[in-house]
Amino acid sequence: MRYIPNGGQIAKDMLKRIGFNSFAELFDTQIPQTAQFKGDLRIKEGISELEIRRLMGGLANKNLSNPSKNFCGAGLYFHYIPSIVDNLSTRAEFLTSYTPYQPEISQGTLRYIFEFQSFLTSITKMDVANASMYDGSTAFAEAILMAKRIMPKRRKVAIAASLHPEYRQVGVTSSEQFGLEYVTIPTTVGGGVDLNAIEQFTKDPEALAICVQSPNFFGIVEDVKNISRIVNPSDSSIGTDGPLLIVTVAEAMSLALYEPAPADIMCGEVQSFGNYPAFGGPAVGFFATKEKFVRNMPGRIVGQTLDGQGKTSFCLTLSTREQHIRRDKATSNICTNQGWCALRSTIYLATMGTKGIREAAEQSYSNAHYAFELLTKTPGIRRVHTDDFFNEFVVEVNDLDRRFQAALNSGLIPGVRLSKFGGSRNELLLAFTEVHSRSDIESLALALRGSN
Amino acid sequence: MAITHEEGSLFDIHHPDKSAYKLPPLEVPSKKPTKHLRESTLGLPQVSEMDVVRHYTRLSNMNYSIDAGMYPLGSCTMKYNPKINDEISMLDGFKNIHPYQPLETAAGAIEVMGRLQDLLAEVTGLPAVSLQPAAGAHGEFTGVKVMRAYLKENGGVRRKMLIPDTAHGTNPATSTLCQYEVVRVPNGPNGYIEASDVERLMDRDTAGIMVTNPNTLGLFEKNIVEICKVVHAQGGLVYCDGANFNAVMGWSRPGDLGIDVMHLNLHKTFSTPHGGGGPGAGPICAVEKLRPYLPSPQVVQKDGAYALEYNLPKTIGRVRMAYGNFLVLVRALVYGLTLGRDGLKEASTIAVVNANYILNLLKADYHLPFGPTCLHECVFSDKNQNEFGVKTMEIAKRLMDYGFHPPTVYFPLVVPGAIMIEPTETEPLHEIDRFISAMRAIAQEAKLNPEKVRTAPHTVFVKRVDETVAAKKLILRNNSTI
């Protein structure tokens with residue numbers, strides 16, 4: 001086997017040198033006979049690279065994979081990724097290195113994580129950000145758990161109906177064992193959260209957290225400033241008088257255009273920054289909060305320090321929150337996170353800079369609004385919400401089954417059907433980015449016209 | 001190779017006229033939002049493409065990596081990451097597909113997951129598989145939630161969980177996260193968990209035990225079958241932390257021993273790259289009776305093809321969005337296909353031979369608390385070197401001067417000053433010999449020139465990093481404003 005250099009006689013000689021005649025003799029010293037597997041695994045013999053290319057290439061070809069003809073979003077987006085992101089991130093020094101527990105020989109990893117934290121705090125206007133979470137949904141779950149650590153006596157969590165349904169499911173699965181009660185904040189006709197419901201909930205003495213997403217699952221940009229004002233009327237009220245405000249962001253590109261929420265915890269997904277949708281993973285979660293909550297934060301954090309010669313260097317810090325030190329008292333069980341995906345996001349942000357991110361965001365906004373105009377002029381297609389959106393929106397389409405199929409037949413994936421998430425059978429959620437050209441959008445509108 | 005390692009921050013070379021990107025001109029009418037507008041800049045540096053390339057290339061040069069040398073990190077299984085795996089994972093048909101596109105347009109992706117599930121089920125002997133967990137700890141969380149859901153329907157969730165002292169930190173952390181009170185199980189005099197200890201601690205209010213097998217001393221838990229019986233007799237379940245599964249592929253199957261549910265770290269045993277700390281994948285494999293509780297959706301076989309099943313009334317729910325770290329799953333499948341039946345077993349066989357070779361050749365210089373053999377990793381301590389005032393961390397840092405990443409240190413906790421070495425099967429003999437020579441040389445230095453060891457590393461360009469200062473004076477972001 002070519003990945004096993006000590007096969008054949010080499011291993012046999014090694015065995016002999018340490019006093020064993022056979023592999024079985026060595027394994028018998030460790031694994032009792034009754035615990036040994038005596039048969040052959042029902043797995044095929046190994047195959048060559050060429051055969052793997054044929055087999056896996058065949059599987060890849062069964063999938064429709066054309067970003068400019070794909071209008072799915074709902075938390076994962078097809079943005080353009082400059083070629084240096086792939087090139088630099090796949091350097092083996094990054095890809096094949098371990099978690100940076102030994103700072104003297106891991107400064108590369110530590111420095112890019114520090115940059116990731118710096119970029120994310122700057123973009124979100126939060127005080128601190130960690131070194132990444134698995135994805136937006138698990139970051140959201142960790143936010144609920146963190147709120148529970150900060151205010152252990154409270155037990156009600158209000159989640160906006162317009163928050164990503166899968167984020168909600170993950171949040172509930174991950175926290176229900178603490179006996180929490182989940183309340184739903186309804187959506188207004190505009191498409192945003194009902195501010196009155198938030199205000200009501202805030203007064204509940206058991207209120208632990210209010211969770212909203214902006215832009216929300218339907219693409220609508222929430223009035224986060226007002227929400228924040230309702231939840232935390234003054235700065236001193238944060239985390240003391242009322243519930244914590246958790247704001248999730250699934251389309252991080254939106255932060256180029258919109259003011260980030262003054263939240264207690266802001267978390268979500270930065271796949272849009274330099275990572276492929278990749279059938280949903282690996283994506284990359286971010287988690288940011290206020291400085292006073294830093295010791296309650298989950299996950300790894302990199303800090304700046306000095307080395308023995310007084311030179312600026314970096315290391316993992318606040319490890320006393322973490323499982324390998326605190327075991328059952330840790331703030332989270334997270335260990336391996338999404339380091340390499342965070343690297344891709346960091347390189348992407350460095351490449352695009354403030355201007356590039358803004359331009360990609362503006363193009364996404366303009367493309368989505370152009371599509372919205374075309375589609376809502378199409379017979380049988382109506383807008384669902386009245387508030388403004390960033391780069392995705394919901395429309396109601398007569399006879400969606402047939403029109404969706406017609407679009408598929410012409411090689412287009414016209415968006416995400418909300419029936420998948422318990423929505424109406426005729427609702428379609430469409431997302432647009434800079435990868436969609438005018439003609440892509442016009443073909444989409446044509447395909448969805450159906451034969452009406 | 002980098003001639004200089006003096007690399008500043010991107011903020012220092014920012015200039016508003018620099019740019020590293022170009023997008024096509026907008027083809028539709030330009031529109032801008034009018035409400036909730038951002039009030040200040042994003043604060044990202046503007047640099048050129050050359051700046052970005054140089055910066056990250058130089059950062060990469062500050063890293064040790066498996067491609068550059070041996071990573072003898074116990075319990076981390078830092079084996080070679082085959083290039084073909086990465087290349088296949090970057091095929092358009094895998095990276096550019098969306099989880100919510102109609103599944104009939106992603107049949108190849110579902111098949112990748114189905115095939116990988118079948119492979120993992122066979123190698124563990126545990127038929128019910130979920131690929132959703134994103135890492136080992138996430139797999140633990142998922143597995144314990146599954147146990148909890150099963151117990152809830154079978155008499156109650158219970159309050160306690162048994163955790164051996166040799167366990168990874170994630171095990172007690174996961175138990176707490178799942179609302180179980182941790183009850184510690186001591187390890188017996190030879191490093192094994194004794195069934196009698198488990199019997200004494202196990203009761204009807206204990207959900208079960210989380211056991212790492214092989215354990216973190218590199219020993220196969222000899223009493224595992226009996227331990228499973230004891231736990232089952234009280235209606236409990238046995239969780240296996242599969243972080244050390246690289247020792248036993250083809251030699252022993254957890255499902256045949258009485259294990260109810262376990263996770264595998266694909267970024268360890270199945271060779272997917274660690275990426276400086278993820279992404280990993282931590283699928284769980286369980287016995288048939290736990291299948292109804294696995295996360296939703298499940299990949300199932302229907303009419304001879306793989307499909308997603310959402311109708312799962314007893315499921316614990318979702319543990320992440322979409323289906324898992326898919327591109328990691330692609331890599332793991334390619335690895336499994338490449339090695340096949342005999343290759344997987346050979347991987348474990350040689351991993352164990354390599355570890356025992358190191359154990360035997362270093363035991364004259366370093367104290368070996370448990371033995372006389374091991375599986376995939378061996379654990380020494382700094383007891384012999386303590387006589388000269390030299391400690392484990394210093395030995396670890398000194399290894400850097402010899403060109404090696406240090407082993408796992410101070411773990412497991414049951415061995416004071418532990419030095420835990422896992423060479424894996426992909427380390428060539430001449431590299432292993434070089435490592436042994438380095439360790440022996442350090443043992444000599446500890447006797448003759450302990451100060452040299454204590455002040456290591458000397459040759460790496462960053463001297464000992466002050467982790468205490470970092471924790472006291474928190475600087476967690478660059479504060480440059482542009």
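All figures in this text were calculated on a predicted structure; none of them were measured in a lab. (Residues numbered from 1 in each chain as written. Chains lettered and ligands numbered in written order. Predicted model: local features only at pLDDT ≥ 70, side-chain atom pairs only at ≥ 80, totals over all residues. Heavy atoms only, no water.)

A. Looking closely at the overall build of chain A. Check the secondary structure of chain A and you find 14 helices and 13 strands. For chain A, the spread of C-alpha atoms along the principal axes amounts to about 80 × 60 × 50 Å. Burial analysis of chain A (452 residues in total) assigns 67% to the buried set. Sequence-distant contacts in chain A: of pairs separated by 6 or more residues, those separated by 24 or more amount to 69%. For chain A, the exposed area adds up to about 14,500 Å²; of that, 50% sits on carbon and sulfur atoms. Of the charged side chains in chain A, 46 are positive and 46 negative, and the gap between their average positions amounts to 3 Å. (Helix = DSSP H or I, 4+ residues; strand = E, 2+ residues; numbered from the N terminus. Buried < 20%, exposed > 50% of the residue type's maximum accessible area, 1.4 Å probe, protein only. Contact = heavy atoms within 4.5 Å. Areas by Shrake-Rupley, 256 points an atom, 1.4 Å probe, with all protein chains shown as cover. Lys, Arg positive; Asp, Glu negative; His and termini not counted. Charge placed at Lys NZ, Arg CZ, Asp CG, Glu CD.)

B. Seen up close, the overall build of chain B. Per the secondary structure count, chain B includes 15 helices and twelve strands. Expected size for 482 residues packed as a compact globule is a radius of gyration near 23 Å; at 25 Å, chain B falls within 12% of this value. By its C-alpha atoms, chain B is 75 × 70 × 45 Å across when sized along the principal axes. Looking at chain B residue by residue over its 482 residues, the buried ones come to 67%. Within chain B, residue pairs in contact and separated by at least 24 positions form 71% of the contacts whose partners lie at least 6 positions apart. (Rg over C-alpha atoms; globule rule 2.2 N^0.38 Å.)

C. The packing of aromatic side chains, seen in detail. All names here are of chain A. This model, assessed by the stated rule, comprises 24 aromatic pairs over all chains. On the basis of an interplanar angle of 90° and a centroid distance of 5.9 Å, the ring pair of Tyr 258 and Phe 390 is categorised as edge-to-face. In this pair, Tyr 258 is assigned in the loop between strand E5 (244-249) and strand E6 (265-269) and Phe 390 in the loop between strand E10 (381-383) and strand E11 (392-397), connecting sequence segments 132 residues apart. By relative accessible area, Phe 390 is classed as buried at 0%. (Phe/Tyr/Trp six-rings, centres within 6.5 Å; stacked < 30°, edge-to-face > 60°.)

D. A look at the nonpolar core. Counting 297 residues, the largest nonpolar core has A:Met56, B:Tyr56 and B:Phe270 as the members making the most contacts within it. It is helix H10 (residues 326-362) of chain B that provides the largest number of residues to this core, a total of 22 residues. When neighbours within four sequence positions are excluded, A:Met56 is seen to be in contact with B:Ile88, B:Leu91, B:Phe94, B:Val112, B:Val330, B:Leu333, B:Val334 and B:Leu337. In this structure, A:Ile105, B:Leu73, B:Cys76 and B:Met78 belong to the second largest nonpolar core, which totals ten residues. (Core = buried A, V, L, I, M, F, W, Y, C linked by side-chain atoms within 4.5 Å.)

E. Main features of the pairing of strand E4 (residues 206-212) of chain B. Residue and element names in this part refer to chain B. Here E4 lies mainly inside the structure; seven of its seven residues are buried. Pairing geometry for strand E2 (residues 160-164) and E4, over three bridges, is parallel. Paired with Leu 162 across the two strands is Ile 209, which belongs to E4. Relative to strand E5 (residues 237-242), E4 is paired through five bridges, and the arrangement is parallel. Across the sheet, residue Thr 212 finds its bridge partner in E5, namely Asp 241. (Pairing = 2+ DSSP bridges.)

F. Examining the side chain of A:Thr378 more closely. Mapped onto the elements, A:Thr378 comes out in the loop between helix H12 (339-376) and E10. You can call A:Thr378 buried: its relative accessible area is 4%.

G. Fine view of the sheet that holds strand E12 (residues 416-417) of chain A. All names here are of chain A. The four strands lie next to each other as E10-E11-E13-E12, forming an open sheet whose pairing is antiparallel. Here the strands that pair on one side only, and so sit at the sheet edges, are E10 and E12. Where E12 and strand E13 (residues 427-431) come together, two bridges link them in antiparallel fashion. For Val 416, the partnering residue across the bridge sits in E13 and is Leu 429.

H. Layout of the domain arrangement of chain B. All names here are of chain B. For chain B, the assigned domains are domain 1 (84-338) and domain 2 (341-466). Measuring from the centre of the C-alpha atoms in domain 1 to the corresponding centre in domain 2 gives 30 Å. Counting residues at the interface gives 26 residues for domain 1, matched by 20 residues for domain 2. For the pair domain 1 and domain 2, the summed buried surface comes to about 1,800 Å²; carbon and sulfur atoms form 64% of the total. Looking only at domain 1, the three residues that lose the most surface to domain 2 are Leu 217, Asn 246 and Met 249, adding up to 29% of its buried area. Inspection of the region where domain 1 meets domain 2 yields zero salt bridges. Across the contact surface, domain 1 and domain 2 share eight residue pairs in polar contact (both at pLDDT 80 or more). Split into classes, the residues belonging to the side of domain 1 that touches domain 2 amount to 14 nonpolar, eleven polar and one charged. (Domains from an automatic or database assignment. Buried area = accessible area lost by both parts, 1.4 Å probe. Salt bridge = Lys/Arg side-chain N within 4 Å of Asp/Glu carboxyl O. Polar contact = N/O pair within 3.5 Å; in protein donor to acceptor, adjacent residues only side chain to side chain. Nonpolar A, V, L, I, M, F, W, Y, C, P; charged D, E, K, R; others polar.)

I. Main features of the packing of helix H3 (residues 49-61) of chain A against H10(B). Where H3(A) contacts H10(B), the two axes come as close as 11 Å, and the packing angle between them is 140°. Judged on the interaxial angle alone, H10(B) and H3(A) are oblique. For the crossing formed where H3(A) meets H10(B), the hand is right-handed. On H10(B), the residues touching A:Ile52, A:Leu55 and A:Met56 of H3(A) are B:Val330, B:Leu333, B:Val334, B:Leu337 and B:Thr338. For the contact of H3(A) with H10(B), the residue count by class is seven nonpolar, one polar and no charged. (Axes fitted to C-alpha atoms, helices over the stretch in contact; angles between N-to-C directions. Parallel < 35°, antiparallel > 145°, perpendicular 65-115°, else oblique. Left-handed = near helix turned anticlockwise from the far one by under 90°.)

J. Structural context of the interface of chain B and chain A. Contacts between chain B and chain A engage 203 residues on the former and 190 residues on the latter. Here chain B meets chain A over a buried area of about 16,900 Å², counting both sides, of which 62% is carbon and sulfur. At the junction of chain B and chain A, the tally comes to ten salt bridges. Across the salt bridge formed by B:Glu39 and A:Lys225, the nearest N and O atoms sit 2.6 Å from each other. Across the contact surface, chain B and chain A share 102 residue pairs in polar contact (both at pLDDT 80 or more). A per-element tally of the side of chain B that touches chain A places H10(B) first, with 27 residues. Across the side of chain B that touches chain A, the residue classes tally to 110 nonpolar, 53 polar and 40 charged.

K. Broad picture of H12(A). All names here are of chain A. With 38 residues, H12 should reach 56 Å at 1.5 Å per residue; the first-to-last C-alpha distance of 42 Å falls well below that figure. Of all the bends in H12, the greatest, near 95°, is centred on Gly 353. The buried fraction of H12 amounts to 32 of the 38 residues, a majority that puts the element mostly inside the structure. (Expected span 1.5 Å × (residues − 1). Bend = angle between axes of the 7 residues up to and from the residue.)

L. Structural detail: the pattern of salt bridges. One pass over the full model with this rule turns up 49 salt bridges over all chains. A:Glu373 is the salt-bridge partner of B:Lys31, the closest N and O atoms lying 3.9 Å from each other. Taken together, the positions of B:Lys31 in the segment before helix H1 (49-61) and A:Glu373 in helix H12 put the pair across two chains. On the basis of relative accessibility, which here comes to 36%, the residue A:Glu373 falls in the partly exposed class.

M. Broad picture of helix H13 (residues 400-409) of chain A. All names here are of chain A. Those residues of H13 not exposed but buried are Leu 400, Arg 403, Phe 404, Ala 407 and Leu 408. Each buried residue of H13 lies within a common arc of 145° when the element is viewed along its axis, so the set occupies one face. The first or second residue beyond H13 is Gly 411, which carries a positive phi of 85°. (Arc of directions from axis to C-beta.)

N. Representation of the environment of A:Ser228. Residue and element names in this part refer to chain A. Secondary-structure assignment places Ser 228 in helix H10 (residues 224-231). According to the relative accessible area criterion, Ser 228 is buried, its value standing at 7%. Separated by 154 residues in the primary sequence, Ser 228 and Arg 382 place their C-alpha atoms 32 Å from one another. Setting aside residues no more than four positions away along its own chain, Ser 228 makes contact with Pro 233, Leu 245 and Pro 262.

O. Geometry of unusual backbone geometry. Residues A:Ser214 and A:Pro215 are joined by a peptide bond in cis, for which omega reads -10°. B:Ser296 connects to B:Pro297 through a cis peptide bond whose omega is -5°. Within the secondary structure, B:Pro297 sits in the loop between strand E7 (284-286) and strand E8 (298-302). The phi angle at A:Ser132 is positive, at roughly 115°, despite the residue not being glycine.

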